[in-house]
Each structure stands twice: as C-alpha cells, then as structure tokens.
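Take a look at the letters that make up each chain.
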Amino acid sequence: MSNTQTLIDDRPPSVATLFLERVEATPDAEAFRYPVPSADGRDAEEWRSLSWAAAAGRVGAIAAGLMDLGVRPEERVALAANTRVEWILADLGVLCAGAATTTIYPSTNAEETAFILADSGSRVLIAEDAGQLAKARERRAELPELAHVVVIDAADARRADGDPPDWVISLDELERRGAAYLDKKPDAVRERVEAIRADQLATLIYTSGTTGRPKGVRLPHDCWSYMARAIAATGLINGDDVQYLWLPLAHVFGKVLLSGQIQVGHATAVDGRIDRIVHNLPVVRPTYMAAVPRIFEKVYNGVAAKAREGGAAKYRIFQWAAQVAREYAKADQDNFRRTGNRGAPLGLTVKHAIADRLVYAKIREAFGGRLRAAVSGSAALAPEIGFFFSGAGIHILEGYGLTETSAASFVNPGEAYRTGTVGKPLPGTEVRIADDGEILLRGPGVMEGYHGLPEKTAEVLEPDGWFHTGDIGELSPDGFLRLTDRKKDLIKTSGGKYVAPSEIEGQFKAVCPFVSNILVHGADRNFCTALIALDETAILGWAAEHGLGGKPYAEVVADPRVEELIAGYVERLNEGLQRWQTIKKFRLLPRDLDVEHGELTPSLKLKRPVVEREYRHLLEEMYAGAREA
C-alpha cells in the first residue's frame, strides 16, 4: 500500500481528534490571525494572532460550556455568523463536545432560519449579533427545542421581555461557564473527543439550493477527517503556508479548508468581509487562498476598467498583455502536458516578459506578491479568465465537489494543473461517468444522506455508495475531469438541440469586461436569448468617459449607446458558437443580481428559476412574434 493511501486509511475518527493532535504537536505555532480595531482608536485595523495552544484553550472552554448547558453527543448546535475567528472556535468547540454543527448563512431570512433550526432540531444557536438573535426571537414559538442563544458580540446579548431565564447568554459567558466546568471535570472535553465514532454526525449543512426548500446534508465525522488527510496528501498545502480565508463558513467550501489546515498546521488569516479583500491581500500576503469564480471575474473587470481609465494607449497595452497571457498559458500548459517541461516558444516568451513588467507584476502585487496558488470552486470558472490569470502568474487551481461530497472531490494537481478542467479525484475518491454523461462519485467524503428525507436520499445515493451529482462531465484518458453543465440546467431547444448555458455564460464573461451576471435562456424555444447584468463600477467608468457621468446605473444601462456596446460583445461571443447556441436577442437588467433579492445563492451561484420568474416579462418580450431561429 502506498504512503498516501496509508495516511488516508489510517485516519482518526474525527477532526476533533486531529485538532487535539495538532495542538500537542505545534502548540506555539500560529493557528489564526484576525483583524481588530487598532489600539489608538483610529479607523485603521491591526491583526492579532492566536497560537494553536491559545485556540485550544478557547475551544475547550466553549466545548465544556456547551456540555454545561446539557448538550449531548450528536445534538445540533447552530451557527449563524459571518466568517470570523469566533466562528471557527465555536465550530471546533461544538465538535469537541461531540455535538454536530448546523450552519446558517447570516443573510438567511427569519423564516428560513427558523425552518433550519426546527428541521435540524438545534438545541443551541450561536448567533453573531443582535440581528441574528432577533430572527430566533421572532420565531421562538416555532422552536420549542431551542434552549439557548449564545451571542458572539457580547454587547448584543441582551435579554428581552418574555425571554426564558438563561435563554440568551454571551459567548464570553459560555466560555466562563466552560472554564468553571473544567475546574470540576478537567478531562471532560478530552473524554468526549475520545468517545467520538467515525460514523457519528458532525455537521448538518443545508444546501442553499437553486430551487425549493433547503435540504440538510448529514456529514459524519469521518467525512471531515478523510478530507483533512486527502487534502494534505495532494501536496498542495504545507505547514509554512499562510491562507487568507474569507469564504462563508456556512458553505461547505469554506468549512473543508479548516480540515486541511488542522492536518498540516499552517496559519490562516480570517476575515469574511468581502469589501476588505482588496485591502487585506497586500497586508496578509497569503501563499494560498480559495475563492469562487465571481471574485476572479471582478478582479479581471477591475484591472480592465483601471487600464481603460488610463486612456486609450494604456487600455491597448492591457488588451495586448491579456492576449499574450492567454497564449502563453495555453502554450506553457500544453508543453508541460507533452514533455513535462515548462515554457513557451521564444517569441511568445519575450512578449510575455515585456507584458510581465508592464502589467502582470502589478496584478501579483495586488494579491500580496506571495500567492503560490488560488483554488477556485463552487461554480465553473470561464477558461479564458483562468488562462489570463495563469499567464499573469496567478495560478488558479479549479476544484470540484458538492455539499453532499464534503466539498472537495477533485482538484487540479499543483504544477500540472490544466485550466478548463477541475483536475483529478482526491486520493480515495472514485469517479465514473454514467451513460447520459452524469458524474457519479463514491468515497469517504460522500454524505450519509439528507436529514429526515429518506426518499430524497434514495434518489441520489445508490445502495452501493455511488452518488449522482446531477452534473455532466467528461474524463480525459489520464483522469482530468471537465464539467459541461448541471444536468437539470441543460437547455433543449424546440429544434431538439442541446445547449449548455453555463458554458456560454462563461465564454461571455471572458469576452465582455463589463458583465457581472448573465443568464442564457432557450428551453423549448426556437432560439437562445440572454438576460445580462453589468458590473456597476466598470460600466459607470465607461459612462463617465462617454457623456453619461453622474447618471445612476439604471439610466446608464437603458441608454442605447450601452446596448450597442454590449451588442458588440454578444456578436464576438456568437462568432465562436454553433448556430443553435448563438444569442439572438438580449436584455440588460436594471440592476445587478444579488443574494438579498434571492437571485444568487450565498456562494454566488445563479438561481435560474428565480431570475427567469422575476424577469419573465423581458424573456417573453424577446420571443414575442418570433418565428425563426
């Protein structure tokens, strides 16, 4: 048996066990760093560090505090907070108490929050602030099992009239209770961790879902300890890394990153505020980070917009450099695939060196200057965007997985990565492609099933362990997976032709530097159309240069000149498509799509049915009186 397979097969029963092992191995090493207001009281922030031993002190107190509240093994403790160091400490505290974490996005409304709390049977809610507390309080009558709400921001942990005694406490108070509990029973947490079984429930993550009520995905402890060992076995991360973590930890993609970190013991800088990413990157100077495609698209659009603001000559240089980056990346990856050596033809290498001095070096500095790799997941990254960053020296390793498979089933293998694919399966994960092209997965990362939904579980999970992903894909002869589309999202036109909308949408994002979101429509129609939302910063910058400065977004996108601008990019897109795939008509939306209106999931995936329902009038308008493709 290989060393890699031995490492995975000999995994401990839980990440709680791994955490205690990590603390014992490197107690004084940095585990987490996090921002706090600076001591001088100004707007500036400073970053503080927490060693593994210091983190263990707080984790143990939280675990013991939950035990003091009467939380038993496998009982659910819900977490509703943004990505911050307290989220991680609370989650580890829940796991070390032998309980199971139920994750709730802080953007979830009161009705759906109550549904998740009730469906999961959560006994305790760890809420970030007064806003999250208010949601539980508003629906308390529907939540008879919810015995306590623990509020992270101590100032917001205020009891209201009608609250039962002890129903609301602060996280500080929970930790004080835990410390007192450990004074009486010093081995309580360690004993609870040692009693954890691999098949015991660790996490209940509710799929944000693009349709219908969310389903609770049951992930036992073994899923996470497998992920920790399998991620480490890829060699993509090591103990000297510094990770920048901003992804929502309620999402499985954010959560799995913690398992890998605990296994290898590197430092993680934690700050979930999306509006601070650009500011934080040069301060944190990460060696790796994970993101969703929308972040890379926004960076690309931002770089293009900044070049355009510098005048026609500067913009032409950027466009030339972007094309050189793509050509160089394609040649370099192709050369490595054929010969095992890096590099491109001499002429292209010379152009690349010039473009590097003019453009690429500044992009790398914006990411902190030390970024070895960025992992992209949750949705497909447009290959042309991937090739641009690859050529600029920002290596984006696409991966693939679902909530039901503990996030990471595939990832690109470091230096041998191939843009446009999601790489190879993690060690220990099996894959096969069904007759209809659907990707099937089997392995220790696959869920136990949907919480309380045996019929739904049976629809996707076969008795022999094969999980139906609902995604369509192709495997290369040497095992690299390329995603085509979601099975349910494939469009069949009235002419009987199949269209993969996300592939076309990705191509348009690479062609048009002004697009934010696009939805391609055409099921049972005789041609394809698109709803397009523009990036506000990029299009308002263009507007200011074309006599539309000072006008709001809605007025700008309604201007015929903007429609003409985007029509040019649609034509460029269509040049590379089959006739039945081409976009015959499009409409610009009066605002961007967002999470708040329910059009995007919290991980920024498009909710097609919601968008199509909301803009039904625009779709019907495009097909009104149309007879031919």
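For the structure, check the block above.
Thresholds applied
Residues numbered from 1 in each chain as written. Predicted model: local features only at pLDDT ≥ 70, side-chain atom pairs only at ≥ 80, totals over all residues. Heavy atoms only, no water. Helix = DSSP H or I, 4+ residues; strand = E, 2+ residues; numbered from the N terminus. Buried < 20%, exposed > 50% of the residue type's maximum accessible area, 1.4 Å probe, protein only. Contact = heavy atoms within 4.5 Å. Pairing = 2+ DSSP bridges. Axes fitted to C-alpha atoms, helices over the stretch in contact; angles between N-to-C directions. Salt bridge = Lys/Arg side-chain N within 4 Å of Asp/Glu carboxyl O.

**Brief notes about the environment of Ala-325**
Within the secondary structure layout, Ala-325 lies in helix α13 (residues 312-339). Ala-325 sits in the buried class, given a relative accessible area of 0%. Between the alpha carbons of Ala-325 and Ala-355 there is a distance of 8.1 Å; along the sequence they are 30 residues apart. Apart from residues no more than four positions distant in its own chain, Ala-325 is found in contact with Tyr-360, Phe-387, Phe-388, Gly-391 and Ala-392.

**So, the sheet that holds strand β26 (residues 583-588)**
With respect to topology, three strands assemble into an open sheet ordered β24-β25-β26, the strand pairing being mixed. At either end of the open sheet lies a strand with only one pairing partner, and these are β24 (515-521) and β26. Averaged over all pairs of adjacent strands, the angle between strand axes in this sheet comes to 25 degrees, irrespective of strand direction. Pairing analysis gives five bridges linking strand β25 (residues 528-534) to β26, with the strands arranged parallel. What sits directly across from Thr-529, in β26, is Lys-585. Along the sheet, helix α17 (residues 501-511) contacts β24, β25 and β26; its crossing angle with β24, the most-contacted strand, is approximately 150 degrees.

**Some details on unusual backbone geometry**
Phi at Arg-285 is positive, roughly 50 degrees, even though this residue is not glycine. Inspection of the secondary structure puts Arg-285 in the loop between α11 (277-284) and β12 (288-291). Although it is not a glycine, Asp-524 sits at a positive phi angle of roughly 60 degrees. Relative to the helices and strands, Asp-524 is located in the loop between β24 and β25. Here Asp-524 falls in the exposed class, since its relative accessible area comes to 65%.

**Description of the pattern of salt bridges**
Scanning the model with the defined rule gives 47 salt bridges in all. For Arg-139, the salt bridge identified is with Glu-138, shortest N-O distance 3.8 Å. A relative accessible area of 56% means that Glu-138 is categorised as exposed. Connected via shared salt-bridge partners are Arg-294, Glu-297, Lys-298, Lys-509 and Asp-535.

**Concerning the sheet that holds strand β15 (residues 410-411)**
Strand pairing in a sheet takes place through backbone hydrogen bonds and is either antiparallel or parallel in direction. The strand order across the open sheet formed by nine strands is β2-β1-β11-β10-β12-β13-β14-β15-β16, and the pairing between neighbours is mixed. At either end of the open sheet lies a strand with only one pairing partner, and these are β2 (45-51) and β16 (424-425). Of the pairings in the sheet, the one linking strand β1 (residues 30-37) to β2 comprises seven bridges and is antiparallel in character. Counterpart to Pro-37 in the pairing with β2 is Glu-45.

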